[in-house]
Every structure is written in C-alpha cells, then in structure tokens.
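Residues per chain are reported as follows:
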Amino acid sequence: AEEEFSEGLLSIVKPAIDNVDTQVQTLRTTQAKLKDCIEHLSGDLTNISDMQKDLPNLEHYVKKLMSIKRRVTTVNNVLTNVQDRVQILQTRVTKEQARKRTLLSAS
C-alpha cells in the first residue's frame, strides 16, 4: 500500500515538476530577449540624446530603462534559482522512482 501510494504520488508530482521546469525555461528565454531589447533601446536613446542636443532630455528615460533592466536581471536570477531547484527535485524524484523499482523487483 505504501509503495502504491509512493508511485501514485510520484506520478502526480513528476509531470507538475516537468511542467514548471518547461515554463521557467520559456520565461528565462523571454526575459533574456527582453533584457537584450532594453539594452539595445537604452543604447539607441543614449546615442540620440548625444547627437541631438535640441531634443528633450532623454536621460530620464534612459535611467528608467536601466532600472527596468536591473529588475529584469533580478527576476532572471530568481528564475535561474527556481529552475535549479526544480532540477534538483527532478533528480530526487527520478532517484526515488529507481529506488522504489529496485525494492519492488527485489521483493
């Protein structure tokens, strides 16, 4: 009964972990693209500001973009940590499944 419960629990948890891992990876990719776009836009705004002294001061917007970039980087770091933890959970689930199979085959 305990073995059936463990197998049932593992069969429920593993797909959820796999799903979270996939979603985190997709989000990390999107965050990286967003960061690149912000860096490019920030550089463009700086160049425009330097070339066009008659334009309104864009420094405020550049600072806002840099702030957003820092937040995106922070979120990306958090996502990396979450993905690392999910991978650890996946490893543990796989090891537990192998252990249970070994116990069942030895019985």
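Residues numbered from 1 in each chain as written. Predicted model: local features only at pLDDT ≥ 70, side-chain atom pairs only at ≥ 80, totals over all residues. Heavy atoms only, no water.

*Asks:* What exactly am I supposed to notice about the overall build of the protein here?
*Replies:* Secondary structure assignment for the protein yields two helices and zero strands. Radius of gyration (C-alpha) of the protein: 24 Å, far over the 13 Å computed for a compact globule of 107 residues. For the C-alpha atoms alone, the extent of the protein along its principal axes is close to 85 × 15 × 15 Å. For the protein, the residues scored as buried account for 21% of the 107 residues in total. Put simply, 82% of the contacts in the protein that link residues at least 6 apart link residues at least 24 apart. When the accessible area of the protein is evaluated, it comes to approximately 7,900 Å², of which 58% is carbon and sulfur surface. Separation of charge centres in the protein, based on 16 positive and 14 negative side chains, amounts to 5 Å. (Helix = DSSP H or I, 4+ residues; strand = E, 2+ residues; numbered from the N terminus. Rg over C-alpha atoms; globule rule 2.2 N^0.38 Å. Buried < 20%, exposed > 50% of the residue type's maximum accessible area, 1.4 Å probe, protein only. Contact = heavy atoms within 4.5 Å. Areas by Shrake-Rupley, 256 points an atom, 1.4 Å probe, with all protein chains shown as cover. Lys, Arg positive; Asp, Glu negative; His and termini not counted. Charge placed at Lys NZ, Arg CZ, Asp CG, Glu CD.)

*Asks:* Which parts of the structure should I look at to understand the nonpolar core?
*Replies:* Counting six residues, the largest nonpolar core consists of I38, L45, L58, V62, L65 and V72. Put simply, the parts of the chain that give this core at least two residues each are α1 (2-51) and α2 (59-106). Per-element tally for this core: the top contributor is α2, with three residues. Ignoring any residue separated from it by four or fewer positions in sequence, one finds V62 in contact with S42, L45 and T46. (Core = buried A, V, L, I, M, F, W, Y, C linked by side-chain atoms within 4.5 Å.)

*Asks:* Mind showing me how you'd approach the packing of α1 against α2 here?
*Replies:* In a pair of packed helices, the angle between the axes and the distance between the axes together describe the arrangement. With their axes 7 Å apart at the nearest point, α1 and α2 run at an angle of 160° to one another. Relative to α2, the element α1 lies roughly antiparallel. Judged by the sense of rotation from one axis to the other, the crossing of α1 with α2 is left-handed. (Axes fitted to C-alpha atoms, helices over the stretch in contact; angles between N-to-C directions. Parallel < 35°, antiparallel > 145°, perpendicular 65-115°, else oblique. Left-handed = near helix turned anticlockwise from the far one by under 90°.)

*Asks:* So what exactly am I meant to see when it comes to the pattern of salt bridges here?
*Replies:* Side chains bearing opposite charge may pair, as long as their charged atoms lie close to each other. Counted by the stated rule, this structure contains four salt bridges. Between K14 and D18 there is a salt bridge whose closest N-O contact spans 3.7 Å. Taken together, the positions of K14 and D18, both in helix α1 and four residues apart, correspond to about one turn of that helix. The class for D18 is partly exposed, based on a relative accessible area of 29%. Linking E39 and K69 is a salt bridge whose minimum nitrogen-to-oxygen distance equals 3.3 Å. Residue E39 is found in helix α1, and its partner K69 is found in helix α2; the two are separated by 30 residues along the sequence. (Salt bridge = Lys/Arg side-chain N within 4 Å of Asp/Glu carboxyl O.)

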